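Okay, here's what each chain looks like letter by letter:
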Amino acid sequence: MTIKGLQAMWAYVRRYMSEGTANLPTEKPRLQSISFRRSFFTYMPYFDPSAEGADYRSRMQAIDVILAFFMMWLFWVWLPMGLCHYIAMKCAPEPKWPAEIETF
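Residues numbered from 1 in each chain as written. Predicted model: local features only at pLDDT ≥ 70, side-chain atom pairs only at ≥ 80, totals over all residues. Heavy atoms only, no water.

Enquirer: For a nonpolar patch on the surface, give the residues involved together with the corresponding values.
Expert: A cluster of nonpolar side chains, Tyr43, Ile63, Ile66, Leu67, Phe69, Phe70, Met71, Trp73, Leu74, Val77 and Met81, forms an exposed patch at the surface whose accessible area comes to about 1,100 Å². For the nonpolar patch, the leading source of residues is helix 4 (residues 62-71), giving six residues. One can find Trp73 in the loop between helix 4 and helix 5 (75-91). Overall, Trp73 belongs to the exposed group, its relative accessible area being 59%. (Patch = residues over 30% accessible without salt bridge, like charges linked within 9 Å, V, L, I, M, F, W, Y side chains within 5 Å. Areas by Shrake-Rupley, 256 points an atom, 1.4 Å probe, with all protein chains shown as cover. Salt bridge = Lys/Arg side-chain N within 4 Å of Asp/Glu carboxyl O. Helix = DSSP H or I, 4+ residues; strand = E, 2+ residues; numbered from the N terminus. Buried < 20%, exposed > 50% of the residue type's maximum accessible area, 1.4 Å probe, protein only.)

Enquirer: Got a sec to walk through the environment of Met71? Specific residues and values, please.
Expert: Take Met71: it is sitting in helix 4. Residues Met71 and Leu31, spaced 40 residues apart in sequence, show a C-alpha to C-alpha distance of 24 Å. Here Met71 is in contact with Tyr46 and Trp78, once residues within four sequence places are set aside. (Contact = heavy atoms within 4.5 Å.)

Enquirer: Run through the side chain of Asp48, naming residues and quoting values.
Expert: Checked against the element boundaries, Asp48 lands in the loop between helix 2 (36-40) and helix 3 (51-58). Exposure remark for Asp48: the relative accessible area of 5% places this residue in the buried category.

Enquirer: Lay out the layout of surface pockets in plain terms, naming residues and giving numbers.
Expert: The calculated volume of the largest pocket comes to roughly 2,100 Å³. Taken together, 44 residues line the largest pocket, and the ones lying closest to its centre are Arg30, Leu31, Pro45, Tyr56 and Arg59. When contributions to the lining of the largest pocket are tallied by element, the ones reaching two or more residues are helix 1 (3-19), helix 2, helix 3, helix 4 and helix 5. Across the lining of the largest pocket, the residue classes tally to 22 nonpolar, 10 polar and 12 charged. (1 Å grid on protein atoms, 1.4 Å probe; cavity = no way out; pocket = protein on both sides within 12 Å on 5 of 7 lines; lining within 4 Å. Points joined across faces, edges and corners; volume = space filled by probe spheres on them. Nonpolar A, V, L, I, M, F, W, Y, C, P; charged D, E, K, R; others polar.)

Enquirer: Outline the pattern of salt bridges, supporting the account with residue identities and numerical values.
Expert: Going through the model one piece at a time under the given rule, you end up with five salt bridges. Between Glu19 and Arg15 there is a salt bridge, and its shortest N-O distance comes to 3.6 Å. Taken together, the positions of Glu19 and Arg15, both in helix 1 and four residues apart, correspond to about one turn of that helix. Residue classification places Arg15 among the partly exposed positions, given a relative accessible area of 35%. Arg38 is paired through a salt bridge with Glu52; the nearest N and O atoms lie 3.1 Å apart. Here Glu52 lies in helix 3 and Arg38 lies in helix 2, a separation of 14 residues in the sequence. Residues joined by salt bridges that share partners form a network here, namely Arg37, Arg38, Asp48 and Glu52.

Rendered as structure tokens:
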């Protein structure tokens, strides 16, 4: 996570603490489903040909493009890591919240 991302998270927390939940901006939840394509591009989302990849590329800044250029040379490292991510996520148990938390 970059400093800009951390600053955005801190601004969100400060707004929540001062104004409550009424005036918080809506946040798009992170996709939780496990798919081969998403796992394949976990470490290189700028190569993802889907709409998610296009959305990621539209948010990239100049420094992100430069870093992506240098990181693409590690494609052969990211590829097996993405495949291992898919296997690990498929084998992992589904998280379950305790009953006390589910009541809220």
